[in-house]
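# Observations on chain architecture
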Amino acid sequence: MKRKICIVTSTRADWGLLSGIAQELNKREDVALQIIATNMHLDERFGNTWQEIERDGLHIDYRVPMPTDTDSASGTVNAMGACMQGMSDAFNTLRPDLLLILGDRYEMLAVAATALIHRIPVAHLHGGEVTQGAFDESIRHSITKMSHLHFTSTEEARNRVIQLGENPDHVFNTGAIGVYNIVNTNFMIREELEDNLGTTIPEKSIFVTFHPSTLDDISPRIQCENLLKALDKFDDFKIFFSYPNNDPSGQVIIQLIEDFVAQHPERSVVFPSLGARRYLSVLKCVAAVVGNSSSGIIEVPSMHIPTLNIGIRQQGRQRALSVIDCGVSYDDIVAGLEQVLSDSVRQAAKTISNPYEKDNTLNLIVNTVATYPLDNIIQKPFHDINQ
């Protein structure tokens, strides 16, 4: 009998990472792949990115609409409640044997909690990582405790999952799937990409993704305003923006970016979503990545360009030497931009090693979720570490 493996995806970002896994699982004779799409995928304002799933030749088995106006704590919690109710209906219909989820977002906490009550085993990607500046870290560790198979991106993260009481036999250091995707992507050439995007990509370009830092005392508005003011100083560079996720204060950042682009149409452009292949292809063309996204730390180093990581959102996350950290003030960001755009830092980025890179990541994940025995996996004894 085929194993029913259900992937839940909620954003352009997680689908960009999960797409290759889904396509490989879909090819297997011993797997019946199921896909649930929710959250930002189903919102036109964020690009109707559910279409990316179908463009990859896959079928969405269930859609779980949930509020995406989550610019406040109450809005986020209400959205989580709607997600849990919709996921319960989806699980009752699809009855998967194993759930595969990625990351640390609030809707994935709702997904994992619903699976726990439905007694569905969970396979979790990217557990054990540290991001002290966002509530994502607590969510990530909580999902670990509700999961049964763990695929970590580094050995350091694997050890941390085991420290949380998980059975070492169920914790696999596979490397980051996003880095594997970079190594195996068929990039669009610059001319094709420019035609597709409807804009030029000069050599002096910067790619910016800036999310709310949900545990920072300094407001996302002030941080984003400082970033935009700093970017304005580097007026010989073209700026490519992508939208933030729909975390609290995300709409504030979106409006600030849209206003900036409207004021500087000749040298800036914004995209709600690029999709995985276009996003990685743009990275091949730009001088540096700026912001506070996990991609800037995990994947971008393998593109051999520098990253300017702003603020505390990613604080504590393992990183390559090409990632430069700075504060959130205007002066801090200007100094950071000068550093990552310098010839010396850009040259050094070409030779660094990425701690998230590992051979055979895709096959390790796919083969494990497809074949690992699931008998008696639901009841988990706490694995105590010998002192």
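A short tour of the structure in this document, coming up. Since we're looking at a predicted model, the values are computed, not measured. (Residues numbered from 1 in each chain as written. Predicted model: local features only at pLDDT ≥ 70, side-chain atom pairs only at ≥ 80, totals over all residues. Heavy atoms only, no water.)

## Considerations on the sheet that holds strand β12 (residues 307–310)
One open sheet holds the six strands; their spatial order is β10-β9-β8-β11-β12-β13, and the pairing between them is parallel. Because the sheet does not close on itself, it has two edges, and the strands there are β10 (268–271) and β13 (323–326). Averaged over all adjacent pairs, the angle separating strand axes in this sheet is 20 degrees, with direction ignored. Relative to β10, helix α10 (residues 250–263) is tilted by about 145 degrees, and along the sheet it contacts β9 (238–242) and β10. (Pairing = 2+ DSSP bridges. Helix = DSSP H or I, 4+ residues; strand = E, 2+ residues; numbered from the N terminus. Axes fitted to C-alpha atoms, helices over the stretch in contact; angles between N-to-C directions. Contact = heavy atoms within 4.5 Å.)

## Observations concerning the side chain of His41
Position of His41 relative to the elements: it lies in the loop between β2 (31–38) and α2 (50–55). In this structure His41 comes out as buried when scored by relative accessible area, which is 0%. Leaving out residues up to four positions away in the same chain, His41 has contacts with Thr9, Ser10, Thr11, Arg12, Asp14, Trp15, Asn48, Thr49, Trp50 and Ile53. (Buried < 20%, exposed > 50% of the residue type's maximum accessible area, 1.4 Å probe, protein only.)

## Regarding helix α11 (residues 276–283)
Within the span of α11, buried status applies to Tyr279, Leu280, Ser281, Val282 and Leu283. Turning to α11, the residues buried within the fold contact α7 (177–183), α8 (190–197), β8 (205–209), β11 (288–291) and α12 (294–298).

## Notes on the sheet that holds strand β6 (residues 149–152)
Taken in spatial order, the seven strands make up an open sheet running β3-β2-β1-β4-β5-β6-β7, and their pairing is parallel. Unpaired on one side and paired on the other, β3 (62–64) and β7 (171–173) mark the two borders of the sheet. Direction aside, the axes of adjacent strands within the sheet are offset by 20 degrees on average. On the sheet, helix α3 (residues 73–94) packs against β1 (3–9), β2, β3 and β4 (98–102) and is oriented at approximately 165 degrees with respect to β3. Its contacts with the sheet put helix α6 (residues 155–163) on β6 and β7, and the angle it makes with β7 is roughly 170 degrees.

## A word on the environment of Asn309
Among the secondary structure elements, Asn309 is positioned in strand β12. In contact with Asn309, other than residues within four places in its own chain, are Gly291, Asn292, Ile297, Gln314, Arg319, Val323, Ile324, Asp325 and Cys326.

## Notes on the environment of Asn78
Within the fold, Asn78 resides in helix α3. Put simply, Asn78 and Leu116 are 38 residues apart on the chain and 20 Å apart in space, counted from C-alpha to C-alpha.

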